[in-house]
Amino acid sequence: MHRSNRTISDENAVIIEDMLSSGIGATDAYRYMAQEAGGEDMIGYTKRDCLNYVNMLKILTIEGGDAQTLLNILEDQSAENDDFFYRVRLDEDGRLSHVFWRDSMMKDDFTIFGDVMVFDTTYRTNKYNLICAPFVGLNNYKKNVMFGCAFLSNEKIETFVWLFETFKKSMGGPSPISLFTDQDLAMSKAIEKVFPQTRHRLCIWHLHQNAQSHLGKLKSDKTFYDAFQRCITGCIDSYDFEECWKAIVENHNLQNNSWIQRLYELREKWSNAFNKEYFSAGILSSQRSESTNHALGFKAKKTTNLTEFYGLFKQTIKRWRSNELSDEFQCIRGQPTTALPMTGIIKQASKVYNLTVFKDFEKQFMRCLAGSFSFLSEEYDFKLYQVKDGQHTYQVSFYNVMNTLVTCTCNLFEECGMLCSHCLRILLTHSIDKIPDCYINKRWTKLAKQALWDKNVEQQSKSAQPWKHQFVKNCLNLALQVQDNENARRLVEDGLEYIRLAALQEMENTMSETNEAQDLEACSESSISVKDPKKSVTKGRKQRIKGHLEKNTKKKRKNVDESNLQKPNEFGSKTPNQHLF
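Residues numbered from 1 in each chain as written. Predicted model: local features only at pLDDT ≥ 70, side-chain atom pairs only at ≥ 80, totals over all residues. Heavy atoms only, no water.

J.: What exactly am I supposed to notice about the sheet that holds strand β8 (residues 372-379) here?
T.: What links the strands of a sheet is backbone hydrogen bonding, and the strands pair in either a parallel or an antiparallel sense. The antiparallel open sheet is built from 4 strands, whose spatial order is β8-β9-β10-β11. Across the chains shown, the open sheet's two edge strands, defined by having one partner strand only, are β8 and β11 (404-408). Here the average twist between neighbouring strands, direction ignored, is 20°. Direction of pairing for strand β9 (residues 382-389) relative to strand β10 (residues 392-400): antiparallel, over a ladder of 8 bridges. (Pairing = 2+ DSSP bridges. Helix = DSSP H or I, 4+ residues; strand = E, 2+ residues; numbered from the N terminus. Axes fitted to C-alpha atoms, helices over the stretch in contact; angles between N-to-C directions.)

This is the structure we're talking about:
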């Protein structure tokens, strides 16, 4: 217990630092090492010593400021990888206001899987109360893939415009087909400005939460819930939606409910009946993004600083990418199993699709075997069929002259990128045992990232690794050739020594020139100083931010005039957030 006899060994210090970098707190690290040593009396230092050491590490890590340290990390990442992208925005006091970053692999993933994106801003997981805003997508195994991440100080229109324009610039210009967000009005206006061609979809999870806070006893009415859920996902077209919605309003006397009226005005943003022609990969809400926030923040605390959070973020991305590599390995090594005969379309699907997507395709194929159909008409080589699926009927048109074309009124292929059971039923009727190439969406296949793999192989061929292997091979061959001649061995050794000294001198000259250039660049950037954001009061704060409409407040929110949304200056606007519904 004497201070002179307590010390943290170098080995224990390394373990503590490794645990901290893995998101494990100082207290848990101390407990683990005490258990490893056989008890707290055997570890050689106290819990307070461990906490003091951790605090010292934090002070050394963020010396000069937390925000400045994060900026330095991003600059180092950019120096190591030319395709690393980040942007920082400061307020009028020079404090960090917004920051966005993405690495090169995120850009590659967006190029392949960027047709659908989820963006959510409902979590604040750091001591500055900054908003964590990840851009999340869906890979070919239907798992999360990160496109980029940002910290935002507010949710104003100009903030989202800056962020979306920065994201768009970092990705080289393309826009997603569908973008899922929560109900924030400022975000909606920014999307209309930056992504005018993108289909903006609202989060179904938020919609359910708002319904509970606005509909009172109806939220526990099973009849209402089933009808409401059908309006969200079960209606086959706009006509079916209108009939279902009319029944809900009349049966539950909601004609004068302002929230219901506003929700109806936004029906194209949340009802699946109006979005079947837009690819969405089967995503219905931003719960995928919220699970991302959970994955990023489950080890982050309200006292977590920006540098620590960035470390947790990198670990999460590494874990996601490791899981993706595992899925790719299992897909290459394993073969799908099915109760159906492995012939025809099923055999082709097992070779083309990965294991996850093949299971979904198998369900559609099995449904097609149980469906019935009838012939309706034929005109100009186009045949029209009616396929019955449960209580619904769908029309399928078929053309098979030069190319095989098949379309269905359910629009599953347009929405999810996979042929529906109704189209498969008609293909089997015409004895077509192969999926037409135009109906195989590459993003769901085993070779979805083939272009990226080829790019990596090309980059590796240009790297020093192949040269090193070839040089070692040449040296070994030379050694085998001269090993029996002493004069030849001495000549080779002298020559290698001369080459070594000359190569080291050349490396030193090159490094000196590089350091001079870096010093000049550092001098030009040394004037840039970033202050930390203002610390927030974290006592009693919950992790998740509730939307305005989720709070059961008695007072009605005042309407904010459109002119009030205009900022007096870049950072001076204090207009409260508005929501769509």
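J.: I would appreciate a short explanation of the pairing of strand β2 (residues 96-102) in the present structure.
T.: Successive side chains on a regular strand alternate, one facing one side of the sheet and the next facing the other. With 7 of its 7 residues buried, β2 lies for the most part within the structure. Summarising the sheet, strand β1 (residues 85-90) and β2 pair through 6 bridges and their orientation is antiparallel. By the bridge assignment, R89 is partnered in β2 with H98. Judged from the 3 bridges that link them, β2 and strand β5 (residues 144-152) form a sheet pairing that is antiparallel. In the sheet register, W101 faces β5, and the bridge partner there is C149. (Buried < 20%, exposed > 50% of the residue type's maximum accessible area, 1.4 Å probe, protein only.)

J.: When you look at the side chain of T445 in this model, what are you seeing that I'm missing?
T.: Tracing the sequence through the fold places T445 in the loop between α18 (421-429) and α19 (450-462). If sequence neighbours within four positions are ignored, T445 has contacts with N140, V352, Y353, N354 and I440. (Contact = heavy atoms within 4.5 Å.)

J.: Looking at this model, I keep getting lost on the sheet that holds β1. Mind explaining?
T.: The 7 strands lie next to each other as β1-β2-β5-β4-β3-β6-β7, forming an open sheet whose pairing is mixed. Every other strand in the sheet has two partners, leaving β1 and β7 (199-202) as the edge strands with one partner each. Along the sheet, successive strands turn relative to each other by an average axial angle of 20°, direction set aside. Where helix α7 (residues 185-194) meets the sheet, it contacts β3 (116-119), β6 (178-181) and β7, and its direction lies at approximately 165° from that of β6.

J.: Explain the side chain of T316 here, please?
T.: Locating T316 in the fold gives a position in helix α14 (residues 306-333). Separated by 2.9 Å, the side chain of T316 and the backbone oxygen of L312 make a polar contact. (Polar contact = N/O pair within 3.5 Å; in protein donor to acceptor, adjacent residues only side chain to side chain.)

J.: Can you walk me through the packing of helix α10 (residues 238-251) against helix α11 (residues 258-265) in this structure?
T.: Between two packed helices, the angle of one axis relative to the other and the distance separating the axes together describe the packing. Where α10 contacts α11, the two axes come as close as 12 Å, and the packing angle between them is 175°. In terms of their interaxial angle, α10 and α11 are classed as roughly antiparallel. Across from F241, E242, W245 and V249 in α10, the residues of α11 making contact are I260, L263 and Y264. (Parallel < 35°, antiparallel > 145°, perpendicular 65-115°, else oblique.)

J.: Just to check I follow, could you spell out unusual backbone geometry for this structure?
T.: Negative phi characterises most residues that are not glycine, and trans characterises most peptide bonds. For A281, which is not glycine, the phi torsion reads 60° and is therefore positive. Non-glycine residue N411 carries a positive phi angle of around 60°. By the secondary structure assignment, N411 is in the loop between β11 and α17 (412-416). For N411, a relative accessible area of 17% corresponds to the buried category.

J.: So what exactly am I meant to see when it comes to empty space enclosed by the protein here?
T.: If you roll a probe as big as a water molecule over the atoms, it shows you where there is empty space left. This structure, assessed with the given rule, holds 3 cavities of 30 Å³ or more. A volume near 70 Å³ is recorded for the second largest cavity. In terms of lining, the second largest cavity is formed by D109, N139, N144, V145, M146, I317, W320, R321 and E324. The set of elements that each furnish at least two residues to the lining of the second largest cavity consists of β5 and α14. Top element by residues in the lining of the second largest cavity is α14. It accounts for 4 residues. Looking at the lining of the second largest cavity residue by residue, the class counts come to 4 nonpolar, 2 polar and 3 charged. (1 Å grid on protein atoms, 1.4 Å probe; cavity = no way out; pocket = protein on both sides within 12 Å on 5 of 7 lines; lining within 4 Å. Points joined across faces, edges and corners; volume = space filled by probe spheres on them. Nonpolar A, V, L, I, M, F, W, Y, C, P; charged D, E, K, R; others polar.)

J.: Please explain the environment of A281 as it appears in this structure.
T.: Mapped onto the elements of the fold, A281 is located in the loop between α12 (267-270) and α13 (287-297). Taking the C-alpha atoms as reference, A281 lies 6.9 Å from G417; in sequence the two are 136 residues apart.

J.: Would you mind going over the environment of F382 with me for this structure?
T.: As for its placement among the helices and strands, F382 is situated in strand β9. Judged by relative accessible area, which is 40%, F382 ranks as partly exposed. Sequence spacing of F382 and N400 is 18 residues, and the spatial spacing of their C-alpha atoms is 8.0 Å. In contact with F382, not counting residues within four places along its chain, are S377, F398 and Y399.

J.: Just checking my understanding: could you explain the confidence of the model for the protein chain for this structure?
T.: Low-confidence regions, as indicated by low pLDDT, have predicted coordinates that should not be scrutinised in detail. Averaged over all residues, the pLDDT of the protein chain equals 81, while 83% of them reach at least 70. By mean pLDDT, α13 is the weakest element of the protein chain at 51, and helix α6 (residues 157-170) is the strongest at 94. A low-confidence stretch, residues 517-527 stays under pLDDT 50, and its non-local contacts, those more than four residues away or across chains, total 1 contact. The model gives residues 547-576 a pLDDT under 50, and that stretch makes 43 contacts with residues more than four places away or in other chains. (pLDDT = per-residue confidence, 0-100.)

J.: Is there a simple way to explain the pairing of β7 in this structure?
T.: Residues R199 and R201 of β7 are buried on one face, and the alternating residues H200 and L202, pointing to the opposite face, are buried as well. Here β6 runs beside β7; their pairing, made up of 4 bridges, is parallel. Pairing of F180 across the sheet is with R201, part of β7. Considered for its hand, the β-α-β crossover made up of β6, α7 and β7 is right-handed. (Right-handed = clockwise from strand over helix to strand, strands pointing away.)

J.: Where do I start with the packing of aromatic side chains in this structure?
T.: Aromatic ring pairs: the centre-centre distance and the angle between the two ring planes describe each pair. Inspection of the entire model under this criterion finds 31 aromatic pairs. Note on Y353 and F361: the rings are 5.6 Å apart at their centroids and 40° apart in plane angle, and the pair reads as tilted. Grouping residues by exposure puts Y353 and F361 together as buried. Among the aromatic residues, those joined into a ring-pair cluster are F85, F100, F110, F119, F135, F147, F160, F164, F167 and F195. The ring of W444 carries the charged tip of K142 above its face, separated from the ring centre by 5.2 Å. Seen from the ring of Y264, R267 lies directly overhead, with NZ or CZ sitting 4.1 Å from the centre. (Phe/Tyr/Trp six-rings, centres within 6.5 Å; stacked < 30°, edge-to-face > 60°. Lys NZ or Arg CZ within 6 Å of the ring centre and 35° of its normal.)

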